[in-house]
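# Summary of structural features
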Amino acid sequence: MGPFRGGRSSVTVEYEPVSVKDLLVEMKDTSELLIDLSYSAVLLNSGELANEVLRLEEKMDVLRMRARMSLLMAARNPDDAEALAPVLGIVSGAEKISDATGDIAKVVLEEVGLPEAIRTALPEAVETLVRTTVVDGSEYAGRTLGAINLESETGVRVIAIRRGDDWILNPDPSTELRIDDMVLLRGPDAGTAEVYETLRHEPYAPPTVDDPEIQNLTIGREEQFLERAVDSIVLMKNLSELAVDLSYGAILFDNAELAEEVHNLEVEVDALRSRFEAWTLQAAADAPDPIALRGLLHLGFSTEEISDAALEISEGILRKINVHPVVELAVQESDEIIVRVTVEPDSGLDGTSLVEGVPQEDVSINVLAVRRPDEGWVLVPDADTRLRANDVLIAKGTRTSAETFRELASN
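Residues numbered from 1 in each chain as written. Predicted model: local features only at pLDDT ≥ 70, side-chain atom pairs only at ≥ 80, totals over all residues. Heavy atoms only, no water.

Here we come to the overall build of the protein chain. Check the secondary structure of the protein chain and you find 13 helices and eleven strands. Evaluated residue by residue, the protein chain yields a buried proportion of 52% over its 411 residues. The contacts of the protein chain with a sequence gap of at least 6 include a subset with a gap of at least 24, amounting to 79%. Carbon and sulfur atoms form 46% of the exposed surface of the protein chain, whose accessible area is close to 18500 Å². (Helix = DSSP H or I, 4+ residues; strand = E, 2+ residues; numbered from the N terminus. Buried < 20%, exposed > 50% of the residue type's maximum accessible area, 1.4 Å probe, protein only. Contact = heavy atoms within 4.5 Å. Areas by Shrake-Rupley, 256 points an atom, 1.4 Å probe, with all protein chains shown as cover.)

Next up, the structure:
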C-alpha cells in the first residue's frame, strides 16, 4: 500500500440540517481514536496505521465545518451565543487533536526517524491497535458482532470499521462485518492474532522495527540524556490523554474541580516539554547524527498540542459558563463513556487496589481520578492505589463495563 497523501480535505462541504449532538459525539470518538492510532503507528512503525490517521483527519475536517455551520445557524441572540461558545471550544479542541495526531503520523510516513529507545518505551504507554481486512471466505463475513460474540470469546474489541470512505466509530452488536471492511482491533496479543487470522486468512505478523540509521545513537554520554527525553515524552503522552478524558468529565458533570485539574495537567505538560527539549538537545550535542533526533522533537511538540486541546475543551467550565445540554448528551452517547460513582461501604470496590488505574475486579474500566473527602482529587494511575468507602471515582470504559462498575461500587 502506497503512502496516503494527507492534507486538508478538498471535499466540498455544504450546510445541511444535522444534529449538533451527533456531530459532537462523532468528533469526540474520532479524536480519541486518532490518539490511539497515531501512537500505535509510531510504536509499530506502521505506514498502514499512519495512513488511516490521515484519512480520519480528513473526516474530522468535514465534521468541524459542519459543526461550525450548525452552531452559526443556531445562534440567534447574545444568550444563544454565550451558551454555544463552549461548544465551539469543544469543536476547536477536537480539531487541534486531529491536527496533532496527523503530525505524529507523518513522523512515520515521511520517515523522519525516531530513536529505538522511543519504541522500547512506548509499549508501556500504548495499547496497540491491529489493522486488518475482512476477506472473502472469512467465517466472520456477513455476521454481526453480536452473533460472533467476539469480545466475550476472545477478549478482542472491534473499535472502528472503515467501509470504503465511511467510518463506523462505535460498532455495536448489530453491526455486520462485510467483505473488504477495514477493521481496527484492540485486545490481548493472543486474541488479536486469532481474530486477525480468522478475518484475513493469514497469520498475524507484528511489524518489525528496523532503523539502522539511528541504532548507534544511544551510545555513551548521550544515552542518559536520550533516556530522560524518552521518559518525558511518554509521561507527556499519558498526562495529555488523561487531560482529554478529564476535560470531557468536567463537561459531563459540570465540575469546575475537574476542569482545574485539566489546567494543572496542561501546566505540567508544558514544563515537561521544556525539560524534554533540553535533554534532547543535550543528546544531540554528542550524537553521531543529530538530525536523526528530529522526529523525537516533532513528537514532543505534537504531544503537547493534545494537552492544549484538552484545556480548550474544558475552558467553558473554567469560565463558569453553563454547559449546553447538547454537550452533556454528546459525552454520554459517545463510544467510551465517562461515569462517576461513589464507593459505598462494604461494596465490591471498598478496599480494592488499582493497578495502573484498573481495579482488581473482573471489569475492564480505567479509573481516571479519585476524590477523597480529606485529600481532594487524586489523579491515577498511582502505584497500588487502594479505594476506600466514600471515594468518588471518575472512570472511563464501555457501556457494559460501566454498568458492572456501578454495581461493584454499590452495596
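Let's pick the thread back up.
Taken in spatial order, the four strands of this open sheet run 5-11-8-9, and their pairing is antiparallel. Edge positions in the sheet fall to strand 5 (337-342) and strand 9 (376-379), since each of these pairs with one other strand and no more. Here the average twist between neighbouring strands, direction ignored, is 25°. Of the strand pairs in this sheet, strand 8 (residues 365-372) and strand 11 (residues 392-397) are connected by six bridges, and their pairing is antiparallel. Across the sheet, residue R371 finds its bridge partner in strand 11, namely V392. Here helix 13 (residues 399-409) sits on the sheet and contacts strand 5, strand 8 and strand 11; the angle it forms with strand 5, its principal contact strand, is near 5°. (Pairing = 2+ DSSP bridges. Axes fitted to C-alpha atoms, helices over the stretch in contact; angles between N-to-C directions.)

We now examine the environment of V392. Within the element layout of this structure, V392 appears in strand 11. Between the C-alpha atom of V392 and that of A369, which follows or precedes it by 23 residues, the distance is 8.3 Å. Discounting chain neighbours no more than four positions away, the residues touching V392 are R340, V341, T342, A369, V370, R371 and W377.

Quick look at the pairing of strand 8 now. Burial analysis of strand 8 places six of its eight residues in the buried class, the great majority of the element. Note: strand 8 against strand 9, four bridges, orientation antiparallel. Across the sheet, residue V370 finds its bridge partner in strand 9, namely V378.

As a further point, take the packing of helix 1 (residues 20-44) against helix 3 (residues 78-109). Packed helices, taken two at a time, are described by the angle between their axes plus the distance between the axes. Running from amino to carboxyl end, helix 1 crosses helix 3 at an angle of 25°, the nearest separation of the two axes being 9 Å. Compared by their axis directions, helix 1 and helix 3 come out roughly parallel. In the packing of helix 1 onto helix 3, the handedness of the crossing is left-handed. The segment helix 1 lies against helix 3, with V20, L24, M27, S31, L34, I35, S38, Y39, A41 and V42 engaging V87, I90, V91, A94, I97, S98, T101, I104 and V108. A class-by-class count of the residues in the contact of helix 1 with helix 3 yields 15 nonpolar, four polar and no charged. (Parallel < 35°, antiparallel > 145°, perpendicular 65-115°, else oblique. Left-handed = near helix turned anticlockwise from the far one by under 90°. Nonpolar A, V, L, I, M, F, W, Y, C, P; charged D, E, K, R; others polar.)

Evaluation of the coordinates by the stated rule reveals 23 salt bridges. Residue R131 pairs with E52 through a salt bridge whose shortest N-O separation is 2.9 Å. Residue R131 is found in strand 1 (residues 129-133), and its partner E52 is found in helix 2 (residues 47-74); the two are separated by 79 residues along the sequence. Just as R131 is buried, E52 falls in that class too. (Salt bridge = Lys/Arg side-chain N within 4 Å of Asp/Glu carboxyl O.)

On to empty space enclosed by the protein, then. Taken as a whole and judged by the stated rule, the model has two cavities of 30 Å³ or more. In terms of lining, the largest cavity is formed by P86, I90, I251, I313, G316, I317, I321, N322, V323, H324 and V327. Where the lining of the largest cavity is concerned, the elements lending two or more residues are helix 3 and helix 11 (315-318). Looking at the lining of the largest cavity, its residues break down into eight nonpolar, three polar and no charged. Take the lining of the second largest cavity: its biggest share by element is three residues, from helix 12 (residues 325-332). (1 Å grid on protein atoms, 1.4 Å probe; cavity = no way out; pocket = protein on both sides within 12 Å on 5 of 7 lines; lining within 4 Å. Points joined across faces, edges and corners; volume = space filled by probe spheres on them.)

Attention shifts here to the pairing of strand 1. Remember that side chains alternate between the two faces of the sheet whenever the strand is regular. The buried count for strand 1 comes to five of five residues, which makes it a mostly enclosed element. Here strand 1 shows two buried faces, one formed by L129, R131 and T133 and the other by V130 and T132. Pairing geometry for strand 1 and strand 4 (residues 182-186), over five bridges, is antiparallel. Residue pairing across strands places T132 opposite V183, the latter belonging to strand 4.

Here the structure, examined in full by the defined rule, presents one aromatic pair. Here K28 stacks its cationic end above the ring of Y248, 5.0 Å away from the centre of that ring. Over the aromatic face of Y39 sits the side chain of K237, whose NZ or CZ is 5.4 Å from the ring centroid. (Phe/Tyr/Trp six-rings, centres within 6.5 Å; stacked < 30°, edge-to-face > 60°. Lys NZ or Arg CZ within 6 Å of the ring centre and 35° of its normal.)

The subject of this paragraph is unusual backbone geometry. In this model, N149 sits at a positive phi of 60°, which is unusual for a non-glycine residue. Relative to the helices and strands, N149 is located in the loop between helix 5 (145-148) and helix 6 (150-154). Taking relative accessible area as the criterion, N149 reaches 33% and is therefore assigned partly exposed. Of note, N390 is a non-glycine position whose phi angle comes to about 80°, a positive value.

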